[in-house]
Amino acid sequence: MKNMSTSYPQTGYNLYQPITVFDSGVGGITVLAQARKLLPAEDFRYFADIANAPYGDKSTAQIQELMRDNCRRLYALGSKALVLACNTATSAAAAMLRQDYDLPILGLEPALKPAVLRHKRVLVMATRLTLREKKFAALLDQVGKDAQVIPLACPGLMEMVEEDFRSEKIYAYLRHLLEPYRGRAGALVLGCTHYVFLRRWLEENYPCFVIYDGNTGVSQHLYTVLAQKGLLRQAETPGNILWDCSLPPGEERRSFLDKCRRDLAALA
Ligand code: DGL
(Lines give C-alpha, C1' and ligand atoms only; values in the text may rest on other atoms or scores of the structure.)
Protein backbone atom coordinates (compact mmCIF):
# COMPACT_ATOMS: atom_id res chain seq x y z
CA MET A 1 0.00 0.00 0.00
CA LYS A 2 1.22 3.48 -0.74
CA ASN A 3 -0.40 5.10 2.26
CA MET A 4 1.43 3.61 5.22
CA SER A 5 -0.81 5.30 7.79
CA THR A 6 -3.07 2.23 7.55
CA SER A 7 -1.34 -1.03 8.36
CA TYR A 8 -2.37 -3.99 6.24
CA PRO A 9 0.04 -6.80 5.44
CA GLN A 10 2.42 -5.53 2.77
CA THR A 11 2.46 -8.32 0.25
CA GLY A 12 3.89 -6.57 -2.79
CA TYR A 13 3.36 -8.60 -5.93
CA ASN A 14 5.24 -11.19 -7.91
CA LEU A 15 5.05 -13.52 -10.88
CA TYR A 16 3.49 -16.43 -9.00
CA GLN A 17 0.56 -14.61 -7.47
CA PRO A 18 -2.90 -14.83 -8.99
CA ILE A 19 -4.66 -12.05 -10.85
CA THR A 20 -7.72 -10.89 -8.95
CA VAL A 21 -10.88 -10.25 -10.93
CA PHE A 22 -13.51 -8.31 -9.00
CA ASP A 23 -17.20 -7.70 -9.55
CA SER A 24 -20.33 -7.17 -7.48
CA GLY A 25 -21.65 -10.53 -8.73
CA VAL A 26 -21.30 -12.92 -11.67
CA GLY A 27 -20.80 -10.21 -14.35
CA GLY A 28 -17.03 -10.18 -14.05
CA ILE A 29 -16.98 -13.85 -15.04
CA THR A 30 -17.43 -12.62 -18.63
CA VAL A 31 -14.12 -10.75 -18.22
CA LEU A 32 -12.49 -13.74 -16.52
CA ALA A 33 -13.47 -15.95 -19.48
CA GLN A 34 -11.85 -13.53 -21.93
CA ALA A 35 -8.74 -12.94 -19.82
CA ARG A 36 -8.11 -16.69 -19.45
CA LYS A 37 -8.03 -17.06 -23.24
CA LEU A 38 -5.16 -14.58 -23.45
CA LEU A 39 -3.44 -15.65 -20.24
CA PRO A 40 -4.03 -19.41 -19.95
CA ALA A 41 -1.10 -20.10 -17.62
CA GLU A 42 -2.16 -17.55 -15.00
CA ASP A 43 -3.95 -18.33 -11.75
CA PHE A 44 -7.01 -16.14 -11.15
CA ARG A 45 -8.90 -15.24 -8.00
CA TYR A 46 -12.50 -14.32 -8.73
CA PHE A 47 -14.10 -12.26 -5.99
CA ALA A 48 -17.76 -11.20 -6.03
CA ASP A 49 -19.11 -8.77 -3.46
CA ILE A 50 -22.50 -10.42 -3.82
CA ALA A 51 -23.45 -9.73 -0.18
CA ASN A 52 -23.59 -6.02 -1.11
CA ALA A 53 -24.90 -6.28 -4.68
CA PRO A 54 -26.28 -4.61 -6.69
CA TYR A 55 -23.87 -1.71 -6.93
CA GLY A 56 -25.64 0.13 -9.76
CA ASP A 57 -28.31 1.77 -7.60
CA LYS A 58 -26.00 2.80 -4.75
CA SER A 59 -24.39 6.20 -4.22
CA THR A 60 -20.79 6.92 -5.22
CA ALA A 61 -19.83 7.27 -1.54
CA GLN A 62 -21.36 3.88 -0.68
CA ILE A 63 -19.44 2.16 -3.47
CA GLN A 64 -16.20 3.86 -2.49
CA GLU A 65 -16.67 2.61 1.06
CA LEU A 66 -17.38 -0.94 -0.14
CA MET A 67 -14.40 -0.86 -2.49
CA ARG A 68 -12.06 0.29 0.29
CA ASP A 69 -13.15 -2.76 2.32
CA ASN A 70 -12.92 -5.13 -0.65
CA CYS A 71 -9.46 -3.92 -1.57
CA ARG A 72 -8.14 -4.20 1.97
CA ARG A 73 -9.27 -7.82 2.02
CA LEU A 74 -8.01 -8.65 -1.46
CA TYR A 75 -4.70 -6.87 -1.05
CA ALA A 76 -3.97 -8.86 2.10
CA LEU A 77 -4.51 -12.09 0.14
CA GLY A 78 -1.93 -11.02 -2.43
CA SER A 79 -2.33 -10.71 -6.18
CA LYS A 80 -0.18 -9.32 -8.97
CA ALA A 81 -2.96 -7.28 -10.56
CA LEU A 82 -6.52 -6.31 -9.78
CA VAL A 83 -9.09 -6.13 -12.56
CA LEU A 84 -12.19 -4.19 -11.64
CA ALA A 85 -14.46 -6.21 -13.91
CA CYS A 86 -17.30 -3.90 -13.05
CA ASN A 87 -18.03 -0.64 -14.87
CA THR A 88 -19.88 0.67 -11.82
CA ALA A 89 -17.04 0.10 -9.34
CA THR A 90 -14.54 1.48 -11.86
CA SER A 91 -16.56 4.67 -12.33
CA ALA A 92 -16.94 5.28 -8.62
CA ALA A 93 -13.68 4.04 -7.15
CA ALA A 94 -10.84 3.17 -9.58
CA ALA A 95 -9.10 6.55 -9.33
CA MET A 96 -9.31 6.48 -5.53
CA LEU A 97 -7.93 2.93 -5.28
CA ARG A 98 -5.04 3.69 -7.64
CA GLN A 99 -3.92 6.39 -5.21
CA ASP A 100 -3.90 3.97 -2.27
CA TYR A 101 -2.42 0.80 -3.76
CA ASP A 102 0.82 0.22 -5.62
CA LEU A 103 -0.71 -2.76 -7.42
CA PRO A 104 -1.66 -2.56 -11.14
CA ILE A 105 -5.41 -1.78 -11.06
CA LEU A 106 -7.29 -2.09 -14.34
CA GLY A 107 -10.86 -0.99 -14.84
CA LEU A 108 -13.69 -1.16 -17.32
CA GLU A 109 -15.54 1.59 -19.10
CA PRO A 110 -18.28 1.35 -21.73
CA ALA A 111 -16.58 0.61 -25.07
CA LEU A 112 -17.78 3.83 -26.70
CA LYS A 113 -14.53 4.66 -28.47
CA PRO A 114 -14.64 1.87 -31.09
CA ALA A 115 -18.43 2.25 -31.46
CA VAL A 116 -18.43 5.96 -32.36
CA LEU A 117 -15.75 5.39 -35.00
CA ARG A 118 -18.16 3.32 -37.06
CA HIS A 119 -21.70 4.39 -36.13
CA LYS A 120 -23.72 7.61 -36.09
CA ARG A 121 -26.12 6.54 -33.30
CA VAL A 122 -24.87 4.48 -30.41
CA LEU A 123 -26.90 2.96 -27.58
CA VAL A 124 -25.17 2.43 -24.23
CA MET A 125 -26.70 0.04 -21.72
CA ALA A 126 -25.29 0.50 -18.21
CA THR A 127 -26.24 0.91 -14.56
CA ARG A 128 -27.66 4.19 -13.33
CA LEU A 129 -24.46 4.90 -11.42
CA THR A 130 -22.18 4.36 -14.41
CA LEU A 131 -24.26 6.72 -16.54
CA ARG A 132 -24.42 9.52 -14.00
CA GLU A 133 -20.74 9.42 -12.97
CA LYS A 134 -18.14 12.04 -14.00
CA LYS A 135 -16.17 9.31 -15.76
CA PHE A 136 -18.97 8.72 -18.27
CA ALA A 137 -19.43 12.48 -18.80
CA ALA A 138 -15.69 12.76 -19.50
CA LEU A 139 -15.89 9.87 -21.96
CA LEU A 140 -18.80 11.57 -23.75
CA ASP A 141 -16.82 14.81 -23.92
CA GLN A 142 -13.92 12.93 -25.45
CA VAL A 143 -15.75 10.82 -28.03
CA GLY A 144 -19.42 11.82 -28.02
CA LYS A 145 -19.03 14.57 -30.62
CA ASP A 146 -18.62 12.09 -33.45
CA ALA A 147 -21.93 10.34 -32.86
CA GLN A 148 -25.23 10.62 -31.06
CA VAL A 149 -24.89 8.59 -27.88
CA ILE A 150 -28.11 7.38 -26.24
CA PRO A 151 -27.67 6.18 -22.64
CA LEU A 152 -30.04 3.43 -21.52
CA ALA A 153 -30.05 2.83 -17.77
CA CYS A 154 -31.08 -0.73 -16.94
CA PRO A 155 -32.25 -0.91 -13.32
CA GLY A 156 -33.03 -4.46 -12.21
CA LEU A 157 -31.25 -6.15 -15.11
CA MET A 158 -28.16 -7.10 -13.11
CA GLU A 159 -30.37 -8.88 -10.55
CA MET A 160 -32.16 -10.81 -13.32
CA VAL A 161 -28.82 -11.94 -14.76
CA GLU A 162 -27.82 -13.11 -11.29
CA GLU A 163 -30.98 -15.25 -11.16
CA ASP A 164 -30.78 -16.74 -14.66
CA PHE A 165 -29.46 -15.01 -17.74
CA ARG A 166 -31.54 -17.22 -20.03
CA SER A 167 -34.97 -16.27 -18.70
CA GLU A 168 -38.05 -15.14 -20.59
CA LYS A 169 -38.27 -12.27 -18.09
CA ILE A 170 -34.93 -10.91 -19.34
CA TYR A 171 -35.90 -11.30 -22.98
CA ALA A 172 -39.10 -9.31 -22.36
CA TYR A 173 -37.07 -6.60 -20.57
CA LEU A 174 -34.65 -6.36 -23.49
CA ARG A 175 -37.40 -6.23 -26.11
CA HIS A 176 -39.13 -3.45 -24.22
CA LEU A 177 -35.85 -1.52 -23.94
CA LEU A 178 -34.50 -2.02 -27.46
CA GLU A 179 -37.45 -2.41 -29.81
CA PRO A 180 -37.90 1.40 -30.17
CA TYR A 181 -34.34 1.63 -31.55
CA ARG A 182 -34.57 -1.17 -34.10
CA GLY A 183 -33.35 0.35 -37.36
CA ARG A 184 -32.66 3.66 -35.59
CA ALA A 185 -29.21 2.98 -34.09
CA GLY A 186 -26.26 1.02 -35.43
CA ALA A 187 -24.33 0.10 -32.30
CA LEU A 188 -25.14 -1.28 -28.87
CA VAL A 189 -22.51 -0.91 -26.14
CA LEU A 190 -22.80 -3.29 -23.18
CA GLY A 191 -21.56 -1.02 -20.37
CA CYS A 192 -22.07 -3.51 -17.54
CA THR A 193 -20.26 -6.83 -17.41
CA HIS A 194 -23.45 -8.65 -16.39
CA TYR A 195 -25.02 -7.75 -19.74
CA VAL A 196 -22.26 -9.56 -21.64
CA PHE A 197 -24.02 -12.81 -20.67
CA LEU A 198 -26.85 -11.56 -22.93
CA ARG A 199 -24.60 -11.01 -25.93
CA ARG A 200 -25.50 -14.19 -27.80
CA TRP A 201 -29.23 -13.61 -27.42
CA LEU A 202 -28.81 -9.98 -28.50
CA GLU A 203 -26.78 -10.96 -31.56
CA GLU A 204 -29.46 -13.44 -32.61
CA ASN A 205 -32.43 -11.19 -31.91
CA TYR A 206 -30.98 -7.77 -32.81
CA PRO A 207 -28.65 -8.34 -35.76
CA CYS A 208 -29.39 -4.69 -36.63
CA PHE A 209 -26.94 -3.63 -33.89
CA VAL A 210 -23.19 -4.18 -33.86
CA ILE A 211 -22.45 -5.08 -30.23
CA TYR A 212 -19.46 -3.78 -28.28
CA ASP A 213 -18.14 -4.64 -24.85
CA GLY A 214 -14.91 -3.78 -23.06
CA ASN A 215 -13.84 -7.32 -22.16
CA THR A 216 -11.35 -7.95 -24.94
CA GLY A 217 -9.85 -4.49 -24.47
CA VAL A 218 -9.29 -4.87 -20.74
CA SER A 219 -7.85 -8.39 -21.20
CA GLN A 220 -5.37 -7.14 -23.80
CA HIS A 221 -4.45 -4.27 -21.52
CA LEU A 222 -3.88 -6.73 -18.66
CA TYR A 223 -1.62 -8.81 -20.89
CA THR A 224 0.40 -5.72 -21.87
CA VAL A 225 0.77 -4.48 -18.28
CA LEU A 226 1.94 -7.88 -17.01
CA ALA A 227 4.33 -8.30 -19.96
CA GLN A 228 5.86 -4.86 -19.35
CA LYS A 229 6.43 -5.72 -15.69
CA GLY A 230 7.89 -9.16 -16.48
CA LEU A 231 4.97 -10.80 -14.65
CA LEU A 232 3.65 -13.13 -17.37
CA ARG A 233 3.67 -16.84 -16.52
CA GLN A 234 4.84 -19.19 -19.25
CA ALA A 235 3.75 -22.58 -17.85
CA GLU A 236 2.48 -25.41 -20.10
CA THR A 237 -0.28 -26.34 -17.67
CA PRO A 238 -3.42 -24.19 -17.40
CA GLY A 239 -3.75 -21.95 -14.36
CA ASN A 240 -6.33 -22.40 -11.58
CA ILE A 241 -9.28 -20.30 -10.53
CA LEU A 242 -9.85 -19.56 -6.85
CA TRP A 243 -13.52 -18.69 -6.31
CA ASP A 244 -14.35 -16.30 -3.49
CA CYS A 245 -17.16 -13.98 -2.45
CA SER A 246 -18.32 -11.79 0.43
CA LEU A 247 -20.93 -14.24 1.75
CA PRO A 248 -20.12 -16.01 5.02
CA PRO A 249 -19.46 -19.77 4.98
CA GLY A 250 -22.66 -21.77 4.49
CA GLU A 251 -25.17 -23.03 1.96
CA GLU A 252 -25.83 -19.66 0.32
CA ARG A 253 -22.14 -19.13 -0.32
CA ARG A 254 -21.66 -22.67 -1.65
CA SER A 255 -24.54 -22.36 -4.05
CA PHE A 256 -23.42 -18.91 -5.27
CA LEU A 257 -19.89 -20.16 -5.98
CA ASP A 258 -21.32 -23.22 -7.76
CA LYS A 259 -23.36 -20.88 -9.93
CA CYS A 260 -20.19 -18.90 -10.72
CA ARG A 261 -18.52 -22.08 -12.00
CA ARG A 262 -21.58 -22.98 -14.08
CA ASP A 263 -21.78 -19.45 -15.54
CA LEU A 264 -18.12 -19.62 -16.58
CA ALA A 265 -18.74 -23.00 -18.23
CA ALA A 266 -21.76 -21.54 -20.05
CA LEU A 267 -19.51 -18.96 -21.73
CA ALA A 268 -17.16 -21.58 -23.20
N1 DGL B 1 -21.15 -5.90 -13.37
C2 DGL B 1 -21.42 -4.60 -12.80
C3 DGL B 1 -21.06 -3.51 -13.85
O4 DGL B 1 -20.27 -3.79 -14.75
C5 DGL B 1 -22.80 -4.63 -12.21
C6 DGL B 1 -23.16 -3.51 -11.35
C7 DGL B 1 -24.17 -3.77 -10.26
O8 DGL B 1 -23.83 -4.43 -9.27
O9 DGL B 1 -25.28 -3.22 -10.37
O10 DGL B 1 -21.47 -2.39 -13.79
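The structure we're discussing is the one just above.
Computed from a predicted model, the values in this text were never measured in an experiment.

1. Quick look at unusual backbone geometry
Across the junction of Ala-53 and Pro-54, the peptide omega takes the value 0°, indicating a cis bond. As for its placement among the helices and strands, Pro-54 is situated in the loop between β2 (44-48) and α2 (60-77).

2. Comments concerning the sheet that holds strand β7 (residues 187-190)
The parallel open sheet is built from four strands, whose spatial order is β6-β5-β7-β8. Both edges of this open sheet fall to β6 (148-153) and β8 (210-212), since each of them pairs with a single strand only. Each adjacent strand pair in this sheet contributes to an overall mean axis angle of 25°, direction not counted. Sheet analysis places strand β5 (residues 121-126) next to β6, joined by six bridges and oriented parallel. Looking at the pairing, Met-125 lines up with Leu-152 of β6.

3. Thoughts on the packing of helix α1 (residues 29-38) against helix α11 (residues 251-266)
Running from amino to carboxyl end, α1 crosses α11 at an angle of 55°, the nearest separation of the two axes being 9 Å. The orientation of α1 relative to α11 falls into the category oblique. The chirality of how α1 crosses α11 is right-handed. Contacts between α1 and α11 pair Ile-29, Leu-32, Ala-33 and Arg-36 from the former with Cys-260, Asp-263 and Leu-264 from the latter. Taken together, the residues of the contact of α1 with α11 break down into five nonpolar, no polar and two charged.

About the criteria used
Along each chain, residues carry numbers from 1 onward, in the same order as the chain's sequence is written. In keeping with the model being predicted, local features are shown solely for residues with a pLDDT of at least 70 and side-chain atom pairs are shown and tallied solely at 80 or more, while totals for entire chains, interfaces and linings include all residues. In computing side-chain properties, one takes all heavy atoms of the structure into account and sets aside hydrogens as well as water. Counting from the N terminus, the helices are DSSP H or I runs at least four residues long and the strands are E runs at least two residues long. Should DSSP find at least two bridges between two strands, the strands are regarded as paired. The axes used here are C-alpha line fits, helices contributing only the stretch in contact, and every angle between their N-to-C directions lies in the interval 0 to 180 degrees. Oblique is the label for every angle not falling under 35 degrees (roughly parallel), over 145 degrees (roughly antiparallel), or within 65 to 115 degrees (roughly perpendicular). Crossing chirality is assigned from the near helix's rotation relative to the far helix, an anticlockwise turn below a right angle marking it left-handed and a clockwise turn marking it right-handed. The contact rule is simple, with two residues in contact once any of their heavy atoms fall within 4.5 Å. The classification used treats Ala, Val, Leu, Ile, Met, Phe, Trp, Tyr, Cys and Pro as nonpolar, Asp, Glu, Lys and Arg as charged, and all other residues, Gly among them, as polar.

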